[in-house]
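# Observations on chain architecture
Residues per chain are reported as follows:
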Amino acid sequence: MTFNPDADISSHRARKSGRSAKVAGGAVGVGGIIALILAIMTGGDFSQLAPMLGGGGDTQEQAESGETGLEKCKTGDDANTDDDCRLAGATLVLDSFWEDNVSGYSEPGMVVVEGSTSTPCGTASNAAGPFYCPSNQTVYIDPTFWQLMRDQFGASAGDLAQVYVLAHEWGHHVQYITGIMQKYPNNGSGPDSNGVRTELQADCYAGAFVAHLPEQKDASGTPYMKAPTEAEIVDALNAASAVGDDNIQKQSGGFVNPESWTHGSSEQRQRWFATGYQYGVSACSTFDVSGSEL
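Definitions and cut-offs
Residues numbered from 1 in each chain as written. Predicted model: local features only at pLDDT ≥ 70, side-chain atom pairs only at ≥ 80, totals over all residues. Heavy atoms only, no water. Helix = DSSP H or I, 4+ residues; strand = E, 2+ residues; numbered from the N terminus. Expected span 1.5 Å × (residues − 1). Buried < 20%, exposed > 50% of the residue type's maximum accessible area, 1.4 Å probe, protein only. Pairing = 2+ DSSP bridges. Salt bridge = Lys/Arg side-chain N within 4 Å of Asp/Glu carboxyl O. Disulfide = S-S within 2.5 Å.

### Structural notes on helix α8 (residues 194-211)
For α8, with 18 residues, the first-to-last C-alpha span of 26 Å sits near the 26 Å given by 1.5 Å per residue. Of all 18 residues in α8, 17 are buried, a share of seventy percent or more.

### A word on helix α6 (residues 159-177)
One turn of an α-helix holds 3.6 residues; hence residues three or four places apart share an orientation. Here α6 spans 27 Å end to end across 19 residues, near enough to the 27 Å set by a 1.5 Å rise per residue. Judged by how many residues are buried, α6 sits mostly within the fold: 16 of 19 residues are covered.

### Digging into the pairing of strand β8 (residues 138-141)
Side chains Thr138 and Tyr140 of β8 all project onto a buried face; the interleaved residues Val139 and Ile141 project onto the opposite face, where all are buried too. The pairing of strand β4 (residues 109-113) with β8 spans four bridges and is parallel. Along β8, the bridge assignment pairs Met110 with Val139. As defined by bridge partners, strand β7 (residues 131-133) adjoins β8 across three bridges and the pair is classed as antiparallel. Of the residues in β8, the one forming a bridge with Cys133 is Thr138. The hairpin turn running from β7 into β8, its antiparallel successor, is four residues long, and Gln137 in that turn takes a positive phi close to 50 degrees.

### Notes on the pattern of salt bridges
Within the structure shown, the criterion is met by 10 salt bridges. In this structure, the salt-bridge partner of Asp84 is Lys16, at a minimum N-O distance of 2.6 Å. Of this pair, Asp84 sits in helix α4 (residues 83-99) while Lys16 sits in strand β1 (residues 15-17), placing them 68 residues apart in sequence. Relative accessible area serves as the criterion here: at 10%, Asp84 is assigned to the buried category. Of the charged contacts in the structure, one is a salt bridge between Asp84 and Lys72, with a shortest N-O distance of 4.0 Å. Taken as a pair, Asp84 in helix α4 and Lys72 in the loop between β3 (59-61) and α3 (76-81) lie far apart in primary sequence, 12 residues in all. Here the salt bridges do not stand alone but share partners, grouping Lys16, Lys72, Asp82 and Asp84 into one network.

### Considerations on the state of the cysteines
Going through the model one piece at a time under the given rule, you end up with three disulfides. The disulfide that involves Cys73 links it to Cys85, with 2.1 Å between the sulfurs. An S-S torsion of about -80 degrees defines the bridge between Cys73 and Cys85 as left-handed. Of the two residues, Cys73 is situated in the loop between β3 and α3 and Cys85 in helix α4; the sequence distance between them amounts to 12 residues. Covalently, Cys204 is tied to Cys284 through a disulfide, its sulfur atoms 2.1 Å apart. When the S-S torsion is -80 degrees, as for the bridge of Cys204 with Cys284, the disulfide is left-handed. Of the two residues, Cys204 sits in helix α8 while Cys284 sits in the segment after α11 (266-279), which places them 80 residues apart along the sequence. Overall, Cys204 belongs to the buried group, its relative accessible area being 0%. For Cys284, a relative accessible area of 3% translates into the label buried.

Here is the structure:
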């Protein structure tokens, strides 16, 4: 998956925020890994554990100014060569897609995290993992999360996989503004829980979005992105599998316990992504199927 080099992404609203963190030897500290596992498995923020568990480093406050920190992200070529710009550019593609699919769509905020930053929903960092904060309707992602996926969960985390993760979080925003989150609040963990259904629906929304990438265009009519190749789709499915609850439980050295699931199994996450990709947003009815059909 690549952006068209001449596509104009300069109108993106993404901004950069956080404290620049140094990690010794470029390795991910064990504290960050444990916090990441806990966050993905429970949906909570455990990033405060990282300093106590080791792997922390010196931090330097990012200089505050009127700039977003992402002024460099102007063209599709920038998005093809820079992780920050890839995220910034993809926000425009996502907004274009959801404007066509949700009446009265409103855009979420987007923060590219550098190190860590405070949010109304807790600390955003690579240890906390990407998340959507409903209270300020903003998505937070630290691009160094991609390396965590590669090192700890066996994901390739290529370009389309990165866009899938962002599209999944965008799906939570759609759930919030359409009232799905409010209608189906958190009712605990388990394979048939509202939490699992919410996450699988967001995966399905991401698949529907990826299927329509080339249709989203900039102001001059240039498609932002090219159609994904088969290999890139496999890469996105690989990312979906890597963050399945069962895979995370195995990678953390434990046993598979469906009653503690909050996001769904690897097979479920891949299948619902594929459902959205093949059949579109209308097929993402995770709250309308029985537990055996999830």
